[in-house]
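# Remarks on the overall topology
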Amino acid sequence: MPDINPETPVTELEFVNPRTLNSLEKLDYATVGDLLLHYPRRYEDRREFDRFPSGPTEGALCLHGEVTDAKLRFGGRKRFFEATIEQAGAGALSSPVICRWFNMPYVSKIIATGQQLVAYGKVKQSGQRLVIDHPEFEVVDPDSDETSIHLGRITPVYGLREGIGQRPLRALIYRCFEQLDDGSVAEFFDPDEAGFPGWTRSRALREIHFASDYATLDDARRFLAFEEFFAIQLNVVQRRQHQQSLPGAR
């Protein structure tokens, strides 16, 4: 596989299908660098999912279960879709969880009985049922060649714009890192002198997307935050030098 670099146009990526490429162009993702700088907005620890609760929760959970029922329902003037998910090998202490979406009929074309679903959201009590309204979700295939990208890791979750889904974007960024020439990623400062021994910008970018562990993720965040601060300070110095070089400047 040929190496790619941050300046490589997305149109030259052999692993991007025409439909995804069309979406990327509409979203102004022109180069590999544009993709690598699209940082995750949060992470889900899919090495070990939350257990299904027996009651409502104070915060959001990340659940992984099988869809045992899925159907469109009607209540008054409202139309909504419900998918019941159950934890594999669930005991008496856990209950099925209903994922519910109002006025989003397209979800019924994505989720079906028998699928494996990852759902993220706050569980509430609705009558005798436990419900998550409008959860973030992904349909996952445990037998897919891409399973290791989406499961069994600290998984990045990206802010999405219309035209591309969570899984294809994550897989695309992962493939970019697989073929990335690390030496082509320019450094903005000397990591050793700045207190980041052993780090490079390439490593920080890899870890901010696909973290080895949370401690390393924190280090990557600090590296990239320092880089941003350094760039701001450099810009201030350059502007000051420019002002001083103008005729009449003292």
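Scope of this entry: the structure provided in the associated data block. (Residues numbered from 1 in each chain as written. Predicted model: local features only at pLDDT ≥ 70, side-chain atom pairs only at ≥ 80, totals over all residues. Heavy atoms only, no water.)

In terms of regular secondary structure, the protein chain is built from six helices and nine strands. The C-alpha radius of gyration of the protein chain comes to 23 Å, more than 25% above the 18 Å expected for a compact globule of 250 residues. C-alpha extents for the protein chain along the principal axes are approximately 75 × 40 × 40 Å. For the protein chain, with 250 residues in total, the buried portion stands at 41%. About 14,300 Å² of surface is accessible on the protein chain, with carbon and sulfur atoms providing 48% of the total. (Helix = DSSP H or I, 4+ residues; strand = E, 2+ residues; numbered from the N terminus. Rg over C-alpha atoms; globule rule 2.2 N^0.38 Å. Buried < 20%, exposed > 50% of the residue type's maximum accessible area, 1.4 Å probe, protein only. Areas by Shrake-Rupley, 256 points an atom, 1.4 Å probe, with all protein chains shown as cover.)

Next up on the list: helix α5 (residues 201–209). Within α5, seven of the nine residues are buried, which leaves the element mostly enclosed by the surrounding structure. For α5, the full list of buried residues reads R201, S202, A204, L205, E207, I208 and H209.

The subject of this paragraph is the pairing of strand β7 (residues 129–133). For a regular strand, side-chain orientation follows a simple rule: the groups alternate between the two sheet faces. Looking at chain direction, strand β4 (residues 97–102) and β7 are connected through four bridges and run parallel. Within the sheet, the bridge partner assigned to V97 lies in β7 and is L130. As paired strands, strand β6 (residues 124–126) and β7 are joined by three bridges and run antiparallel to one another. Bridging from a neighbouring strand, S126 pairs with R129 of β7. (Pairing = 2+ DSSP bridges.)

With a phi angle near 65°, D28 is a residue other than glycine that sits in the positive phi range. Inspection of the secondary structure assignment puts D28 in the loop between α1 (18–26) and α2 (32–36). The phi angle at H134 is positive, at roughly 50°, despite the residue not being glycine. Look at H134 and you get partly exposed, because its relative accessible area is 38%.

Turning our attention to the side chain of E207. Along the chain, E207 turns up in helix α5. At 4.7 Å, R203 is the nearest oppositely charged side chain to E207, a buried residue that forms no salt bridge. (Lys, Arg positive; Asp, Glu negative; His and termini not counted. Salt bridge = Lys/Arg side-chain N within 4 Å of Asp/Glu carboxyl O.)

Take the sheet that holds strand β8 (residues 136–140) next. If you walk across this open sheet you meet the seven strands as β6-β7-β4-β3-β2-β5-β8, and the pairing is mixed. Edge positions in the sheet fall to β6 and β8, since each of these pairs with one other strand and no more. On average, adjacent strands in this sheet sit at an angle of 45° to one another, irrespective of strand direction. Alignment of strand β2 (residues 60–75) against strand β3 (residues 78–86), held across nine bridges, turns out to be antiparallel. Residue pairing in the sheet places A70 in a bridge with A83 of β3. (Axes fitted to C-alpha atoms, helices over the stretch in contact; angles between N-to-C directions.)

Time to look at the pattern of salt bridges. Inspection of every chain in the model, using the stated rule, returns 20 salt bridges. Here K71 ties to D69 by a salt bridge, and the two come within 3.9 Å at their closest N and O atoms. For D69, a relative accessible area of 26% gives the class partly exposed. As a salt-bridge pair, R73 and E82 come within 2.7 Å of each other at their nearest N and O atoms. Look at R73 and you get partly exposed, because its relative accessible area is 30%. One connected set of salt bridges, linked through shared partners, spans R41, R42, E44, R46, E136, E138, R167 and R170.

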